[in-house]
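# Structure assessment
Listed below are the residues making up each chain.
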Amino acid sequence: MSIVELAYVERGVPGGVPLVLLHGLTDRPATWDSFISGLDRHTFALAARGHDRSPRAAEYSVDLMVADVAAFIEKRGFDQIDLIGHSMGGAIAIRIAQEHPALIRRMVLEEPPAPPRRPPAVHVDSFPEPDEPVDFDWRLVDPMRRGLRAPDPAWWDRLPAITATTLVLSGGESGGLIPPAVLAEVAEIIPDAKFAIIDVGHCIHDDSPEAFASVAGPFLDSGAN
């Protein structure tokens, strides 16, 4: 498995438990700027492979993106972190928490895609490549969307392995991409998880940064730093 060294934006003074933030598909680390600006913490907003300043790669998959993030954390020798993931970043965060449970102290999952338990896979139409330049590798869009929607009963079976205190956030029925009932079930299966709805759509931290910060900030602060 070929690991990519991820670009990132680091803020804050080292000390305490660092916070790692993972953006959604086609997004970038700057999406977290507003939220991070209100924190007094050491933070790392990562750019997934093929996004922003991270290298373009020959292959794109959830497995590879998980491996990239795990390698980033291991390289820095962190014993424990807090973790936030939006959409695709939430899927990556869940896998990290499943595979390295002792590493994650507290975790915020914002509209994470939950795969079907059984076939058929969710149908994914291909998007036409835009005429204007984009700041991500267009080749990653289709394989990542299909990978996130592929049936995976083991994903559900591994949720009880997560030991992190977890907050699962839904964007609501009207604008969220993941049905709130599905995300509520995810929170029920994770042993130490809470569920909340902020009814503003899929990208809560961008569309309603104050509401996101008012929920996610105190949740993260409630753990001793």
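In this text, all values refer to a predicted model and were calculated from it rather than measured experimentally.

### Structural notes on empty space enclosed by the protein
- The final tally for this structure, using the stated rule, is one cavity of 30 Å³ or more.
- Approximately 70 Å³ is the volume attributed to the largest cavity.
- Every residue along the wall of the largest cavity is listed here: Leu6, Leu22, His23, Leu46, Ala47, Ala48, Arg49, Met65, Asp68, Val69 and Ile92.
- Of the residues forming the lining of the largest cavity, the biggest block, three residues, is contributed by helix 2 (residues 62-75).
- Its residues assigned to classes, the lining of the largest cavity comprises eight nonpolar, one polar and two charged.

### Some details on the pattern of salt bridges
- For the structure on display, the rule yields 13 salt bridges.
- Here aspartate 33 ties to arginine 11 by a salt bridge, and the two come within 3.1 Å at their closest N and O atoms. Of this pair, aspartate 33 sits in helix 1 (residues 33-37) while arginine 11 sits in strand 1 (residues 8-11), placing them 22 residues apart in sequence.
- Exposure remark for aspartate 33: the relative accessible area of 31% places this residue in the partly exposed category.
- The class of arginine 11 is partly exposed, set by a relative accessible area of 34%.
- A salt bridge links glutamate 185 to arginine 117, with the nearest nitrogen and oxygen atoms 2.8 Å apart. On the criterion of sequence distance, the pair formed by glutamate 185 in helix 6 (residues 180-189) and arginine 117 in the loop between strand 5 (104-110) and helix 4 (141-148) is long-range, its members being 68 residues apart.

### Structural notes on the packing of aromatic side chains
- The tally for this structure, following the rule as stated, stands at eight aromatic pairs.
- With a centroid separation of 5.9 Å and 50° between ring planes, the pair formed by tyrosine 8 and phenylalanine 44 is classed as tilted. Separated by 36 residues along the polypeptide, tyrosine 8 in strand 1 and phenylalanine 44 in strand 3 (residues 43-46) bring together distant segments of the chain.
- What makes phenylalanine 44 buried here is its relative accessible area of 3%.

### Some points on helix 3 (residues 88-99)
- In this model, helix 3 (twelve residues) spans 17 Å end to end at C-alpha, consistent with the 16 Å of a helix rising 1.5 Å per residue.
- Most of helix 3 sits out of view: eleven of its twelve residues are buried.
- Along helix 3, the residues classified as buried are Met88, Gly89, Gly90, Ala91, Ile92, Ala93, Ile94, Arg95, Ile96, Ala97 and Gln98.

### Comments concerning the pairing of strand 5
- Burial analysis of strand 5 places seven of its seven residues in the buried class, which makes it a mostly covered element.
- Remark: the strand 4 (residues 81-86)/helix 3/strand 5 crossover connection has right-handed handedness.
- Note that strand 5 and strand 6 (residues 165-170) share five bridges and pair parallel. Residue pairing in the sheet places glutamate 110 in a bridge with leucine 169 of strand 6.

### Section: the nonpolar core
- Leu83, Ile104 and Met107 are the most contacted members of the largest nonpolar core, which totals 46 residues.
- If one sorts the elements of this core by residue count, helix 3 sits on top with seven residues.
- Residues in contact with leucine 83, not counting those within four places in the same chain, are Leu19, Val20, Leu22, Ala93, Ile96, Ile104, Arg106, Met107 and Val108.
- Core analysis: the second largest hydrophobic core is formed by 18 residues, Trp32, Ala196, Ile204 and Leu220 among them.

### As for the layout of surface pockets
- Taken as a whole, the largest pocket spans an internal volume of roughly 540 Å³.
- The wall of the largest pocket is formed by 27 residues, among which Ser87, Pro113, Arg149, Leu177 and Ile178 lie closest to the centre.
- If you list the elements that add at least two residues to the lining of the largest pocket, you get helix 4 and helix 6.
- The dominant element in the lining of the largest pocket, judged by the number of residues it contributes, is helix 4, at three residues.
- Of the residues in the lining of the largest pocket, the class split is 16 nonpolar, five polar and six charged.

About the thresholds
Counting from 1, residues in each chain are numbered in the order their sequence is written. Where local features are concerned, this predicted model is filtered to residues with pLDDT of at least 70; where side-chain atom pairs are given and counted, the filter is 80 or more; whole-chain, interface and lining totals use all residues. Think of the side-chain values as coming from all heavy atoms in the structure, minus any hydrogens and water. The definitions used throughout rest on a 1 Å grid laid over the protein atoms alone, on which a cavity is an enclosed set of points accommodating a 1.4 Å probe that cannot get out and a pocket is an open set flanked by protein within 12 Å on both sides along at least five of seven lines; lining residues are those having an atom within 4 Å of a point. Grid points are joined across faces, edges and corners, and a volume is the space filled by probe spheres set on the points. Strands here are runs of E lasting at least two residues and helices are runs of H or I lasting at least four, both read from the DSSP assignment and numbered beginning at the N terminus. Any residue that is not Ala, Val, Leu, Ile, Met, Phe, Trp, Tyr, Cys, Pro, Asp, Glu, Lys or Arg is counted as polar, Gly included; the first ten are nonpolar and the last four charged. Whenever Lys or Arg places a side-chain nitrogen within 4 Å of a carboxyl oxygen from Asp or Glu, that contact is recorded as a salt bridge. Throughout this description, buried means an accessible area under 20% of the type-specific maximum (1.4 Å probe, protein chains only), exposed means over 50%, and partly exposed covers the range between. Stacked, edge-to-face and tilted are the three classes for Phe, Tyr and Trp ring pairs, Trp counted by its six-membered ring, which pair at centre distances within 6.5 Å; planes under 30 degrees apart are stacked, over 60 edge-to-face, the rest tilted. One less than the residue count of a helix, multiplied by 1.5 Å, gives the span that helix is expected to have. When the strands point away from the viewer and the path from the first strand over the helix to the second turns clockwise, the crossover is right-handed. Two strands qualify as a pair provided that DSSP identifies no fewer than 2 bridges between them. To define a nonpolar core, start from buried Ala, Val, Leu, Ile, Met, Phe, Trp, Tyr and Cys residues and group those joined through side-chain atoms within 4.5 Å. Residues count as neighbours in contact if any of their non-hydrogen atoms are within 4.5 Å of one another.

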